[in-house]
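# Results of the structural survey
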Amino acid sequence: MATLSRWRRWKSAAFMATLATALTLVTGVSVALAAGAAGGAQASIVSATSATKVAATTSATSSGIAPAMPCAVLTSLDLAAVVPGVPFEITSATELAAGGNTLGNWAACDVKGVIAPQIHFEMKLPQTGWQADYLQVGCGGLCGNVNVSSAPASAGCVPLTSGAFAVASSDEGHYQGGGLFSADPTLRADFGYKSDHQLAQAAKAVIERYYGQAADHAYFDGCSQGGHQALTEAQRYPTDFEGIIAGAPANNFTALNTFSHAWTAQSVYLGGGPATITNADLADLHAAVLKGCGAPADGILADPLSCTWDPAAIRCAAGQTSTSEDYCLTADQVTTLRRIYAGPTDENGKLLYPGYQLRGSELNWAGIITPATATGASGDISFVRETLRYQIFDSPQPTLTYKDVKFTAAYYKKVMQPNEGMYDATDPDLKAFKAAGGKLILWHGLGDQHIPAVGTMAYYKAVEKVMGGSAATEGFARLFLLPGVAHCGGGQGPGTFDALTAMTDWVTKGEAPGSLTTRSVDSGGNTTATRPVYPFPYVAKNTTGGPADDAGSYTPVRSTAEANLTLNRLGSFRSGYETVGNWVHGTWVVSKGKA
């Protein structure tokens, strides 16, 4: 039935283009016809050359839905009132050759536009091969630029590389990568929760006009801040997307950028002094951790949560000097590492962020947790600075640094209460998303140096509790953990995979992913290792004795540590913390509730 429906829609689009050509021959005036918002026809005057091009494109597109108008015509459409409450306009629409498209070998109409007040977006609309699917992709860090050139969890996805998806992304409402934009409450709200919902509405409207029909299915794929965007959509706007892929989500944004990053920074720079651990320590430290955790020969910890190795096990003896052959830790280094592996806690020992660095992640710390030299700066220092100065207080605090963060219950309340409702996406109640037919794939690298994977495990367990248990949850949401993989990819384990195909199969065929195959790929694009990852709390174990780099050697084994994960934390995953902001008679008003 789906195939017949799409054939009928394609036939309709082809008819519209053919009709436009016929009118050109009869009247001498070229007309492009497209279905309007209410199903009516909209006419635009175009050149005879453009009309001929559309007809040629339509006749050549037997494998997908053809455009109903030339690409350039999009700039002449008045779309300001098409989506109530979301005024936007298209600023440019140009043809992109297949060879210049980083998403795949397909020609596209490259569309750029602005959603008020300043959410810049870009779309790539296939000129051939479109299968009535829409994919929205997220950004990273604090965003600030439009990147529609890649989708993070779609490596080798043939529908994407062949032009089945119309793709869009935005800068989340600002055009610089730091936190300065948050000094403006409107831009703060756009970044926190609003921009992706508005882009979804605007992009779907553009798609409907360009192809003469709406998209049948909508998907979201993002990692890091993109994972935060993904979960925001599932929680606040459960009908925007049928399939959502959320990688390494920064969904506990406020506590992550305040307490988690400041904790590791204060741990590395004990007492504000020089760094106790630098990049030069990491290889030897990592080797010691693998030995202490009983890692297999390939050096990848499949279940690092189960390892409780204590850094004090390699404390230097009196008078001992650490060397690569006999690596040992000073007393300060032991303190630093114990703190990093324990996570940020208040005066009562309660976690202020639901996560901590897992053992085995050490090689990925360089430049983020540890600096190049003892007097150098780490990435964590920069992350905290932007949040402290511009994002969590009512007015800019330009002198604050990571040293000013206090790990107390009182400071936690001061930071979280006014901010989590605008920035965070930690609501575990996904009943509306499930009821709408939504499917969610969460994934996280266990070697993540930016966002500890424990936080995503904890969130997933909270979802299970609200949704009625693991069986009820895995029917629409699954979490996959990638051993040895760093933040959004890289690291020591296989981190290249295609979750987008798995997601489309789940949405359109009802086939839930029982596993994902991850790959290690060399600089030449060759696969050097494969490994399966299974839904939480199962880990891949080599039970066959086969090659460690062959996915066929592994079977799923339930992780007791993951299944029994509990955190003694100050905060909680709950509903009702969300806020929305709006201008009312010239005053910015923040109120409770989901948008």
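Heads up: these notes are all about the structure in this document. (Residues numbered from 1 in each chain as written. Predicted model: local features only at pLDDT ≥ 70, side-chain atom pairs only at ≥ 80, totals over all residues. Heavy atoms only, no water.)

### Quick word on the pattern of salt bridges
Any two side chains of opposite charge can pair, on the condition that their charged atoms come close. Basically, it comes down to this: Salt bridges, as used here, are contacts in which a Lys or Arg side-chain nitrogen is within 4 Å of a carboxyl oxygen on Asp or Glu.
The full count for this structure, using the stated rule, is six salt bridges. Residues aspartate 429 and lysine 431 are paired through a salt bridge, measuring 3.5 Å at the closest nitrogen-oxygen approach.

### Focus: the sheet that holds strand S3 (residues 88-96)
Strand-to-strand pairing in sheets goes through backbone hydrogen bonds, with the strands running parallel or antiparallel. Note the threshold: Think of it this way: DSSP has to see at least two bridges between two strands before they count as a pair. Elements are defined by DSSP. Helices are runs of H or I of four residues or more, strands are runs of E of two residues or more, and each kind is numbered from the N terminus. Here an axis means a line fitted to C-alpha atoms, over the contact stretch when the element is a helix, while the angle between two N-to-C directions is reported on a 0 to 180 degree scale. A contact between two residues is defined here by any heavy atoms of the two lying within 4.5 Å.
Ordered by their spatial adjacency, nine strands build an open sheet running S3-S4-S5-S7-S6-S8-S9-S10-S11, and the pairing between neighbours is mixed. Among the strands making up the open sheet, the edge pair consists of S3 and strand S11 (477-482). Each adjacent strand pair in this sheet contributes to an overall mean axis angle of 15°, direction not counted. With eight bridges connecting them, S3 and strand S4 (residues 108-115) associate as antiparallel partners. By the bridge assignment, phenylalanine 88 is partnered in S4 with isoleucine 115. In this fold helix H15 (residues 499-509) packs onto strand S6 (133-137), strand S7 (165-170), strand S8 (217-223), strand S9 (243-247), strand S10 (439-445) and S11, with an angle of close to 160° to the strand it touches most, S10.

### So, the state of the cysteines
Spelled out, the test is: By convention in this document, the label disulfide applies to cysteine sulfur atom pairs within 2.5 Å. Type-normalised accessible area, obtained with a 1.4 Å probe on protein chains alone, sets the label of each residue: buried when under 20%, exposed when over 50%, and partly exposed for intermediate values.
Inspection of the entire model under this criterion finds five disulfides. Each sulfur of the disulfide joining cysteine 71 and cysteine 109 lies 2.1 Å from the other. Residues cysteine 71 and cysteine 109 share a disulfide whose torsion about the S-S bond is about 75°; that sign makes it right-handed. You can see cysteine 71 sitting in the loop between helix H2 (48-60) and S3 and its partner cysteine 109 sitting in strand S4, a full 38 residues away along the chain. Just as cysteine 71 is buried, cysteine 109 falls in that class too. Sulfur-sulfur distance for the disulfide between cysteine 316 and cysteine 328 comes to 2.0 Å. Between cysteine 316 and cysteine 328, the S-S dihedral sits near 90°, and the bridge is therefore right-handed. Here the residue cysteine 316 occupies a position in the loop between helix H7 (282-293) and helix H8 (331-342), and cysteine 328 occupies one in the loop between H7 and H8, the gap between them amounting to 12 residues. Of the two residues examined, cysteine 316 and cysteine 328, each falls in the buried class. Disulfides within the chain link the bonded cysteines, taken in sequence order, as 1-2, 3-4, 5-10, 6-7, 8-9.

### Topic: the packing of helix H6 (residues 253-268) against helix H9 (residues 379-391)
Convention followed: Roughly parallel covers angles under 35 degrees, roughly antiparallel covers those over 145, roughly perpendicular covers 65 to 115, and oblique covers all other angles. A clockwise turn of the near helix away from the far one marks a right-handed crossing, whereas an anticlockwise turn of less than a right angle marks a left-handed crossing. Residues were grouped as follows: Ala, Val, Leu, Ile, Met, Phe, Trp, Tyr, Cys and Pro as nonpolar; Asp, Glu, Lys and Arg as charged; and all remaining residues, including Gly, as polar.
Direction vectors running N to C along H6 and H9 enclose 135°, while the axes themselves pass 8 Å from each other. On the basis of their axis angle, the class for H6 and H9 is oblique. When the axes of H6 and H9 are compared, the crossing they make is left-handed. Touching Phe253, Asn257, Thr258, His261, Ala262, Thr264 and Ala265 of H6 are Asp380, Ile381, Phe383, Val384, Thr387, Leu388 and Gln391, all from H9. Per-class residue counts for the contact of H6 with H9 are seven nonpolar, six polar and one charged.

Keep in mind these values describe shape, not function.
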